[in-house]
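# Geometric and topological summary
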Amino acid sequence: MSGVFGVINRDGSTKDVVKSAFYGIFSLQHRGQESAGIAVNKGGAFLVHKQNGLVTEVFDDVTLNALEGSCAIGHARGGDGTVGMEGLQPIAIRSSVGNLALSCDAVLLNGEKIRENLKEMGAIFQTGTDSETVLSLISRKRVGASSTEEAIACALKEVQGVYSLVFMTDDKLIAVRDPYGIRPLALGKKDNTYMVSSETCAFDALDAVFVRELEPGEVVVIDKYEVKSLYVNVDVASEDRVKNGKICVFEYVYVARPDSYIDGTSVFESRYNVGKALAKEQPCECDIVIGAPDSGNTAALGYADALGVPFSTGLLKNRYVGRTFIKSTQDQRELAVKMKFAVLKPAIEGKRIAIVDDSLVRGTTTKHIIKFLKENGAKEVHVRLASPMVKYPCCYGVNADEAKDLPGQSKSLEEIKELIEADSLGYISLESLKASLNGIKCDCCSACFDGNYVAGKVDDSIKNVHSVSYK
């Protein structure tokens, strides 16, 4: 997945707009560490700076000062590192009806079909990215539409997939959330400056007020006159859009920052509740509970509190190493694990340890952590997972797209325990995971756990892509 952010000052002021975009995508760095970029609108001229690397590597004071504008969109890209420089985001185009730039977190299930249709109509593509496909489709629709936002809504009716999109036009900031609501997207405000972000944590960093989540299928349009909405899924009743949404459950398990709120639920509270439920379903005899930093810490705290066992720090994390799960190759992940963790030997020596992690996808990281703990004196290491067994590859953006990568696809619980060399292994049930999301306003996509691909999946035929039922 990736992080998207947009900001517009409705008075036309350029003060702090670009720096807000910088801090916005910096706050979303956890969603992707492959590349970063910002596009700004400076009096109708679009300026774009984007490179491979972390946000703080791509931007410095000189670059930020050169990107003055009253509207900006930003992107922190996740993924497998296979897209070249021409595919970095944001991406901007010039058309007969004006400039258009896009920052997107998207997977188009029928993207190849759309691309081939556009090529038959004369479209020329410079990259193989979904973002260019979306922009090309919108450009075609814009010729016959009365506004860019109407062209966007019309174009997206032809798209099967999941997405959070942030557009910048000559005079507007436009944000779109997919009709399933699988990707999160929120609206914030500070004085007369409006912002959209993948997560609410970016608003906190900028002292902005969280206004609301975008509804599934909603297109929010912000200009100097108004903030208005239209919808891609116009056939769905207003009261049904939110409750029938299917937010990715992995946002709560792993992807999102714990200080974010997504669809009415605190990520921190949901993870803490999962830990408590995990202790009830999968208790163990242990002396201390530790978390696999950082995404397992909150669930570990809930697990320890529910068991009545001390919560301790057994692992130190190197803050300068990115997330190992979303590294590109197995070799990169194994090397990153070795650089990422250090063991606090006095805290764990001679003790029976329960280590709580958010999930077990491939098992590489977990196996190395267990090895580190035992080499440094841990008597026993019991692994507890704050999510169910990952049995199915995700085609919506989480970087585990082949069944062979997933132990849960072909191995039993006992075989996985032996694979990671744990003394015991326990997963929370999917029912308990979902029940822990107190206050959530919608349902969840849990395809990686149950194989129910609510937005469809790409098979041999595009006919196998289906829409979620709202009935």
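Parameters at a glance
- Sequence positions are assigned chain by chain, starting from 1 and proceeding in written order.
- Totals for whole chains, interfaces and linings use every residue, but because this is a predicted model, local features are given only for residues with pLDDT of at least 70 and side-chain atom pairs only at 80 or more, for both listing and counting.
- The side-chain values count all of the structure's non-hydrogen atoms but skip hydrogen atoms and water molecules.
- Relative accessibility thresholds used throughout: buried, under 20% of the residue-type maximum; exposed, over 50%; partly exposed, between the two (1.4 Å probe, protein chains only).
- Helix numbering and strand numbering both begin at the N terminus, where a helix is a DSSP run of H or I of at least 4 residues and a strand a DSSP run of E of at least 2.
- When DSSP finds at least two bridges between two strands, those strands are taken to pair.
- Helix axes are fitted to C-alpha atoms over the stretch in contact, other axes to C-alpha atoms as well, and angles between N-to-C directions run from 0 to 180 degrees.
- Each residue gets a pLDDT score, which is the predictor's confidence in that residue and runs from 0 to 100.
- Contacts are assigned to residue pairs that have any heavy atoms within 4.5 Å of one another.
- A 3.5 Å cut-off defines polar contacts: any pair of N or O atoms within that distance qualifies, except that in protein one atom must be a possible hydrogen donor and the other a possible acceptor, and neighbouring residues in sequence count only when both atoms are side-chain atoms.

## A closer look at the pairing of strand β12 (residues 218-222)
The element β12 is extensively covered by neighbouring structure, given that five of its five residues are classed as buried. Of the two faces of β12, the one lined by Glu 218, Val 220 and Ile 222 and the one lined by Val 219 and Val 221 are each fully buried. As judged from the four bridges shared by strand β8 (residues 173-177) and β12, these two strands associate in the antiparallel manner. Each bridged residue has a counterpart across the sheet, and for Ile 174 the counterpart in β12 is Val 221. Here five bridges tie β12 to strand β13 (residues 227-231), and the two strands are oriented antiparallel to one another. Counterpart to Glu 218 in the pairing with β13 is Tyr 231. If you look at the hairpin formed by β12 and β13, you'll find four residues sitting between the two strands.

## Describing the sheet that holds β12
Ordered by their spatial adjacency, six strands build an open sheet running β5-β6-β7-β8-β12-β13, and the pairing between neighbours is antiparallel. Both edges of this open sheet fall to β5 (91-95) and β13, since each of them pairs with a single strand only. Put simply, the sheet's adjacent strands are angled 20° from each other on average, direction ignored. Pairing geometry for strand β6 (residues 98-108) and strand β7 (residues 161-169), over nine bridges, is antiparallel. When the sheet's bridge partners are listed, Ser 103 is paired in β7 with Val 166.

## Focus on the confidence of the model for the protein chain
Of all residues in the protein chain, 91% have pLDDT values of 70 or greater, and the mean over the chain is 89. Within the model, the stretch residues 460-471 combines pLDDT values under 50 with 27 contacts to residues more than four positions away or in other chains.

## Observations regarding the side chain of Thr 193
Structurally, Thr 193 is set in strand β10 (residues 193-197). Separated by 3.1 Å, the side chains of Thr 193 and Asn 9 make a polar contact. With sequence-adjacent residues up to four places away left out, Thr 193 is seen in contact with Val 7, Ile 8, Asn 9 and Gly 188.

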